[in-house]
Amino acid sequence: MKLLSATCIGTLIALTVTITGATAAEEGHKEHGAHQHGHGTFEMAIEKGVVSIDLRAPGSDIVGFEHPAVSEADKKAIADAKARLADPIGLFGIPKDAGCRVDTVDVHTHGADGDEDGEKAHKEDKATAKAEEAHSHKHSSFHAKYTLTCRTPQAIKSLDFAFFKAFPGAQELEVVAVSDKGQVKAEATRKTPKVALPALW
């Protein structure tokens with residue numbers, strides 16, 4: 001596993017802040033408004049050869065249910081989903097020409113199988129933690145974070161989401177991608193899974 005330099009980590013944090021700023025208002029509405037089945041978010045930050053990805057999706061999109069896993073079938077569905085989510089290159093259609101390798105993968109659920117400690121560790125403040133904890137009692141969700149190293153990141157001129165084939169319950173993803181040269185905000189759907197990223201380069 002390649003360790004990121006302090007400078008690189010700082011840049012990625014700055015890019016993540018940019019992503020957050022671009023989607024904060026809309027995310028706030030979704031979090032406190034009606035729960036949206038079929039709708040997830042995909043955020044990607046590219047800094048030189050490092051690609052950072054954050055995916056969030058309702059449990060119904062990924063495993064077809066949002067209640068805590070009780071039966072063996074439910075537990076197997078979650079385990080299978082986590083295994084599929086461990087392949088970001090294939091799942092999100094990252095071009096082979098980019099020469100990417102996966103450095104880190106962190107896939108966990110919130111409110112589905114009791115694996116909430118990792119999620120709570122990343123809360124911005126206690127108020128947000130309480131709000132999301134209350135939300136999780138009604139609706140479980142999946143959260144996946146990835147770090148990739150790419151030889152030719154500028155080859156990432158589009159993403160073709162096989163995510164929709166892997167998870168039949170998913171209908172759309174709000175996509176935000178940023179680099180040091182630009183930003184793209186788009187929507188990938190089951191009917192139009194390919195997103196062009198010309199503004200990144």
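Here, every reference points to the structure presented above.
Residues numbered from 1 in each chain as written. Predicted model: local features only at pLDDT ≥ 70, side-chain atom pairs only at ≥ 80, totals over all residues. Heavy atoms only, no water.

On inspection of all chains with the given rule, the structure shows one disulfide. Paired by a disulfide, cysteine 100 and cysteine 150 hold their sulfur atoms 2.0 Å apart. Taking the torsion about the sulfur-sulfur bond, which here is approximately 105 degrees, the covalent link between cysteine 100 and cysteine 150 counts as right-handed. Taken as a pair, cysteine 100 in strand β3 (residues 100-110) and cysteine 150 in strand β4 (residues 141-150) lie far apart in primary sequence, 50 residues in all. With respect to class, cysteine 100 is no different from cysteine 150; both count as buried. (Disulfide = S-S within 2.5 Å. Helix = DSSP H or I, 4+ residues; strand = E, 2+ residues; numbered from the N terminus. Buried < 20%, exposed > 50% of the residue type's maximum accessible area, 1.4 Å probe, protein only.)

Moving on to the side chain of serine 179. Turning to its location among the elements, serine 179 is positioned in the loop between β6 (172-178) and β7 (183-189). The class for serine 179 is buried, based on a relative accessible area of 7%. From its side chain, serine 179 meets the backbone nitrogen of lysine 181 in a polar contact 3.1 Å long. Separated by 2.8 Å, the side chain of serine 179 and the backbone oxygen of leucine 200 make a polar contact. (Polar contact = N/O pair within 3.5 Å; in protein donor to acceptor, adjacent residues only side chain to side chain.)

Moving on, we come to the nonpolar core. Counting 41 residues, the largest nonpolar core has Phe42, Met44, Leu85, Phe92, Ile156, Phe161 and Phe163 as the members making the most contacts within it. Contributions of two or more residues to this core are made by β1 (39-47), β2 (50-58), α3 (72-85), β3, β4, α7 (163-166), β6 and β7. Once you skip the residues sitting within four places of it in the chain, phenylalanine 42 turns out to touch Ile53, Asp54, Leu55, Phe92, Leu159, Phe161, Leu173, Glu174, Val175 and Val176. (Core = buried A, V, L, I, M, F, W, Y, C linked by side-chain atoms within 4.5 Å. Contact = heavy atoms within 4.5 Å.)

By convention here, two paired aromatic rings are described through the distance between centres and the angle between planes. This model, assessed by the stated rule, comprises seven aromatic pairs. Their ring planes at 65 degrees and their centres at 4.9 Å tell us that phenylalanine 42 and phenylalanine 92 sit as a pair that is edge-to-face. In this pair, phenylalanine 42 sits in strand β1 while phenylalanine 92 sits in the loop between α4 (88-91) and β3, placing the two residues 50 residues apart along the sequence. Here phenylalanine 42 matches phenylalanine 92 in class, with each residue buried. (Phe/Tyr/Trp six-rings, centres within 6.5 Å; stacked < 30°, edge-to-face > 60°.)

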